[in-house]
Amino acid sequence: MIVETRGLRREFRVGRIGRRRTVVAVDGIDLNIAPGEAVGFLGPNGAGKSTTIKMLTGILVPTAGELRVCDLDPVRSRRELARRLGVVFGQRSQLWWDLPLRESFTLLRAIHRVEPGAHRERLDRCIDVLGLAEFLDVPVRQLSLGQRMRGEVTAALLHAPDLLVLDEPTVGLDLVSKERLRVFLQEVNAAGEVTVLLTTHDLADVERLCRRLVVIDHGTVVADDSLTALRSTFGGARELVVELVAPAGPLDGLPGVRSVCVEADGLRQRLAFSPADTTAAALIAAVAARVDLRDVTVVEPSIEDVIRTLYATRAPS
Amino acid sequence: MLSASPYPALVRAGYRRRSVYLTASLAGLFTNTVFGLLRVAVLLAVVAQTGSTAGYDAGGVSAFVWLGQGLIAVVMLWGDGELSDRVRSGDIAIDLSRPWDLQLALLAGDLGRAGHAVLFRLAPPVAFGALLLPFRWPDDPVPTLLLFTASTVLAVVVSFSLRFLLDLSSFWLLDSRGVRSVYNGLGGVLAGLTVPLAFFPDALRGLLYATPFPAILQTPIDVFTERDGLAELLAHQLLWAVALLALGRLVLARATRKLVVQGG
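Residues numbered from 1 in each chain as written. Chains lettered and ligands numbered in written order. Predicted model: local features only at pLDDT ≥ 70, side-chain atom pairs only at ≥ 80, totals over all residues. Heavy atoms only, no water.

A. Spatial organisation of the overall build of chain A. For chain A, the helix and strand inventory stands at 10 helices and 13 strands. The C-alpha extent of chain A, read off along each of the three principal axes, is 70 × 55 × 35 Å. The 317 residues of chain A split such that 48% are buried. Across chain A, the centroid of the 41 positively charged side chains sits 8 Å from that of the 42 negatively charged ones. (Helix = DSSP H or I, 4+ residues; strand = E, 2+ residues; numbered from the N terminus. Buried < 20%, exposed > 50% of the residue type's maximum accessible area, 1.4 Å probe, protein only. Lys, Arg positive; Asp, Glu negative; His and termini not counted. Charge placed at Lys NZ, Arg CZ, Asp CG, Glu CD.)

Right, here's the structure in full:
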C-alpha cells in the first residue's frame, strides 16, 4: 500500500483562551491506496481534505490513528518521505518566483539529488507533453496561471515520486489548460509510474482521472467506491428527454417512470427513470406508442448529482 | 550515482534571484551612496577638529563610512521578512516538505544574495569613496583582504541568524513586524553603522561586545582598516555565528513541532 490509514483522527483546539473548544477536523478515516491507483478525494469545504493531506505529507501530526505513506511514518520521516512524494498545491507555489522556470527545475534536481541523465529525460518529456518550451526562460512571476500550473506539475514529478498528491490543481484554470493537465496526468498515471491522490471541486477532473472516489464529509468517509458504482447507488435517475412533433399533455403513467417534467409547452418532456425499473429502449417504445417523436436523448446522472446526493444524505440533522 | 549536495546550487540561486533585479540594485546603490556622502561629511567634520578621533583619521572615517554603506546591503542589516511572510501565508509548509535542511538551505540562499551584494552594493561605493575622498587602504593588502572576506562571511552568518530568529517569531506572534522594526531601529546604532563603536564610552562598548551586533558591521570594517585586537574580534564573530545558528536550529525545531502538533 502507498497510503494506509486506520482510524486517522485530528482535533484542533480553537477559540480564545478560557473559551476553547475542540473541533474534530478528521474523525477516523480509513484509507488504503494501492500502487498505481488514481483516487479522487472529494468533500465540501471544511470536510477535512486539507487536514488529511497535511497529515499524509507529514506537516501535521495525527491526534490518533495509524498512518503510513510509502511505508514511512510521515511526521518522523518527513524529509525521507519528501523524496518519494510529489505535491502540487493549486493555491501555493513550489517554484522560485523570481527566476526563470528552467532554473526552478535545475534547483529541484539539486535538492532531490536526481541523477542528471534521469532528470534530463523526465524534464524533456514534461517539456514536450506539457508544452513548456515557449516559457522555460520566463520568470515564474510572469507566467500565466495555466503555464505556472504546468510548471508546478513538472516540478512535482521530476524526482519520480511514488505518490503524487494534487490539491486542487485545476483551480482557476481555463478549460483548455484544465484539459491539457488532465490528459497529461492521466497518461502519467496510466503508465503506472505514479499513484495519484487528487482533491478537487471540479468533478470533471475526477471523471477524467480517477477510477476510484473517496468522498468525505465532516471528517469521515461517506463513500469509497468506483465512480460507476457510486453512480448507480447514489446517482438516482437517468433521464429520457423526448422532443415531440406536436405539444402534448404530461406523459403520465408510463411504466418505470418516476417523474415527468414538461418543457416548451409540452413539446419537450423529461422522464426520469431508474435503470432498475425499465430500460431506455422499452421506455422509448412506450412513448412512441402514445405520441409522435421527433428526437430522443438519454441523459446520464451527472457526477455533480451523485456528489450532491451524497453530501445531502449525510448532512447533519 | 547521486549528485552532490544541493547547497552550492542554492547559493547560486540566491545570487541569481538578486541579479534579476538589476534596477533595484542600482536604486539601492544610489541611495546608499547619497547617504554615504551625508555621513562622511559629518564624520570628516568631526575628525577635522583634532586630526584624529579614537584612532580614526580622515582616511579612516571615509573607509568606515563607505565600507559600512556597502556592508549594510551585504549583511542585509534590515531584513525583508521573507521567511516571516511565508510563515504567515502558510507557504512554509512547502519549505518544510522539501528533502533539505531548511536553515542550511536559507543560509545558502542568503550567502548567494550577499555575494551579489558584494559586487553590486559594496564594491561601487567603496570605489567611489576611494577615488574621490581620502581613503585608508590596508597596509598589508593580501592577508587583510583574506581576513576581511572571512569576517564578512561571518558577519553575513550572524546577521542571517538574527533575521532567521526574528522571522521565526511569526510562528508564535503571527506578525513579526513589531519585533523586526525594533531590531531594524536599533541595529544600525548597535552594529556600528551610525558612528564607529570606538566613539562610544568604554563601558558602553564593553556592553555592546557582549551582544552579537558589532559582529555584523563594525568587525569586518575593523578588519579592513587593520585595527588592534583582530583575533579577538574574529573569535567574537565566530562564537556568535555558531551560537546563533545553534539557537536558530533549536527554535526552528520548536516552531516546526508547534506547527506539526498544533496545526495552523
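B. Structural detail: the domain arrangement of chain A. Each assigned domain of chain A is listed with its residue range as follows: domain 1 (3-232) and domain 2 (237-300). Just the C-alpha atoms count here: the centres of domain 1 of chain A and domain 2 of chain A sit 43 Å apart. (Domains from an automatic or database assignment.)

C. Layout of the sheet that holds strand β4 (residues 64-69) of chain A. All names here are of chain A. The strand order across the open sheet built from three strands is β2-β1-β4, with neighbouring strands paired in antiparallel fashion. Only two strands of the sheet have a single partner each, and these edge strands are β2 (21-33) and β4. In this sheet, adjacent strand axes meet at a mean angle of 30° when their direction is disregarded. Sheet topology note: the strand β1 (residues 3-14)/β2 ladder contains 10 bridges and is antiparallel. Note on β2: the bridge partner recorded for R10 is V26. (Pairing = 2+ DSSP bridges. Axes fitted to C-alpha atoms, helices over the stretch in contact; angles between N-to-C directions.)

D. Examining the pairing of β1(A) more closely. Residue and element names in this part refer to chain A. Taking the residues that link successive antiparallel strands as the turn, the β1-β2 hairpin has six residues, and the phi of G15 there is positive, at about 95°. Bridge count for β1 against β4 is five bridges, and the pairing is antiparallel. Following the sheet pairing, V3 is matched in β4 by V69.

E. Geometry of the interface of chain A and chain B. Across the contact, 31 residues belong to chain A and 33 residues belong to chain B. A buried area of about 2800 Å², summed over both sides, lies between chain A and chain B, and 58% of it is on carbon and sulfur atoms. Ionic pairing is found between R92(A) and D91(B), a salt bridge with its closest N-O pair at 3.0 Å. Remark: the boundary between chain A and chain B carries 10 residue pairs in polar contact (both at pLDDT 80 or more). Here the element with the most residues in the side of chain A that touches chain B is helix α3 (residues 101-112) of chain A; it accounts for seven residues. In terms of residue class, the side of chain A that touches chain B is made up of 15 nonpolar, four polar and 12 charged. (Contact = heavy atoms within 4.5 Å. Buried area = accessible area lost by both parts, 1.4 Å probe. Salt bridge = Lys/Arg side-chain N within 4 Å of Asp/Glu carboxyl O. Polar contact = N/O pair within 3.5 Å; in protein donor to acceptor, adjacent residues only side chain to side chain. Nonpolar A, V, L, I, M, F, W, Y, C, P; charged D, E, K, R; others polar.)

F. The arrangement of the packing of helix α7 (residues 141-168) of chain B against helix α9 (residues 177-191) of chain B in detail. All names here are of chain B. It is at 8 Å that the axes of α7 and α9 come closest, and there the two elements cross at 150°. With respect to α9, the element α7 is oriented roughly antiparallel. In the crossing of α7 with α9, the sense of the turn from one axis to the other is right-handed. Of the residues in α9, those in contact with L162, L166 and D167 of α7 are V179, R180 and Y183. (Parallel < 35°, antiparallel > 145°, perpendicular 65-115°, else oblique. Left-handed = near helix turned anticlockwise from the far one by under 90°.)

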